[in-house]
Amino acid sequence: MQDWERRVAEAWASIDDYEDREGDFRALIDSLATELPDDDPVGAFERACAWDSTGHSDRAVPLYRWALDHGLSGYRRRRAVIQMSSSLRNIGQAELAVTLLKAERDIDPATLDEPTRGLADAISATLALCLADTGREREAVSVAVRALAPHLPRYQRSMANYARLLISPEAKPE
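Residues numbered from 1 in each chain as written. Predicted model: local features only at pLDDT ≥ 70, side-chain atom pairs only at ≥ 80, totals over all residues. Heavy atoms only, no water.

**A short note on the packing of aromatic side chains**
Consideration 1: For the coordinates displayed, the defined rule picks out three aromatic pairs.
Consideration 2: Aromatic side chains Phe45 and Tyr64 sit 6.2 Å apart centroid to centroid with 50° between the ring planes, which places their arrangement in the tilted category. Of this pair, Phe45 sits in helix α3 (residues 41–53) while Tyr64 sits in helix α4 (residues 57–69), placing them 19 residues apart in sequence.
Consideration 3: In this structure an aromatic cluster arises from ring pairing among Trp12, Tyr18 and Phe25. (Phe/Tyr/Trp six-rings, centres within 6.5 Å; stacked < 30°, edge-to-face > 60°. Helix = DSSP H or I, 4+ residues; strand = E, 2+ residues; numbered from the N terminus.)

**Comments concerning the environment of Ser31**
Consideration 1: On the secondary structure map, Ser31 appears in helix α2 (residues 22–33).
Consideration 2: Judged by relative accessible area, which is 36%, Ser31 ranks as partly exposed.
Consideration 3: A distance of 2.7 Å separates the side chain of Ser31 from the backbone oxygen of Leu28, its partner in a polar contact. (Buried < 20%, exposed > 50% of the residue type's maximum accessible area, 1.4 Å probe, protein only. Polar contact = N/O pair within 3.5 Å; in protein donor to acceptor, adjacent residues only side chain to side chain.)

**Some details on a negative patch on the surface**
Consideration 1: On the surface, Asp16, Asp17, Glu19, Asp20 and Glu22 cluster together to form a negatively charged patch.
Consideration 2: Counting through the fold element by element, Asp16 comes out in the loop between α1 (2–13) and α2. (Patch = residues over 30% accessible without salt bridge, like charges linked within 9 Å, V, L, I, M, F, W, Y side chains within 5 Å. Areas by Shrake-Rupley, 256 points an atom, 1.4 Å probe, with all protein chains shown as cover. Salt bridge = Lys/Arg side-chain N within 4 Å of Asp/Glu carboxyl O. Lys, Arg positive; Asp, Glu negative; His and termini not counted. Charge placed at Lys NZ, Arg CZ, Asp CG, Glu CD.)

**Remarks on the side chain of Ser142**
Consideration 1: With respect to the helices, strands and loops of the structure, Ser142 is situated in helix α9 (residues 137–148).
Consideration 2: Once residues within four sequence positions are removed from consideration, Ser142 is found in contact with Ala163, Arg164, Leu166 and Ile167. (Contact = heavy atoms within 4.5 Å.)

In C-alpha cells, the structure reads:
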C-alpha cells in the first residue's frame, strides 16, 4: 500500500502538468483507483478529488458521498467532508454544506490524529464561504476571524472576542 500511496502522491504532484488535459489526469487517478478493491472508499475519494480538481463539482459530490458512506476514515474522511462541502457550495447546496461542516467542526479534536486536527482551519474557511453564500455574512466573518485569531502575533484575545460579538452583539466585550 505504501507504493500505491507514493504513486498517488506523485500523480497529484503532477496535476499542473495536465493543464488543458484534465481528462488525462482523471484517467491517471482512475487507473490508480482501479488497483484497489471495488468497494474501497479510498478509490472513490481519489476519483472525487480528480473530478473536483478539474472543475466538475457535480461529478465529485456523489463519489465523496459514496466514499463517506462506505467507511472512508481518518485524514481522507475529513478532507472528503471539506471538499464535498465546497463542491456542494459550488452546485448551489450551501445550506447542506453548512450542516456538514458544523457537524465536522463539533467532533472532539482529542479523538483525531494530528494531521486530521490540522484541517480545522480548512473547515472554518470553507464554512465561512458557505455561510456567506447562504446570506449569513456576519456569521461567516465571525468564523473566519475566530479561525485567524490564534495565528496572529498579537491581539488573539481581542479578535476572538470581536468574532463572538459579530454573532452575539448583545453580549458584553470581555
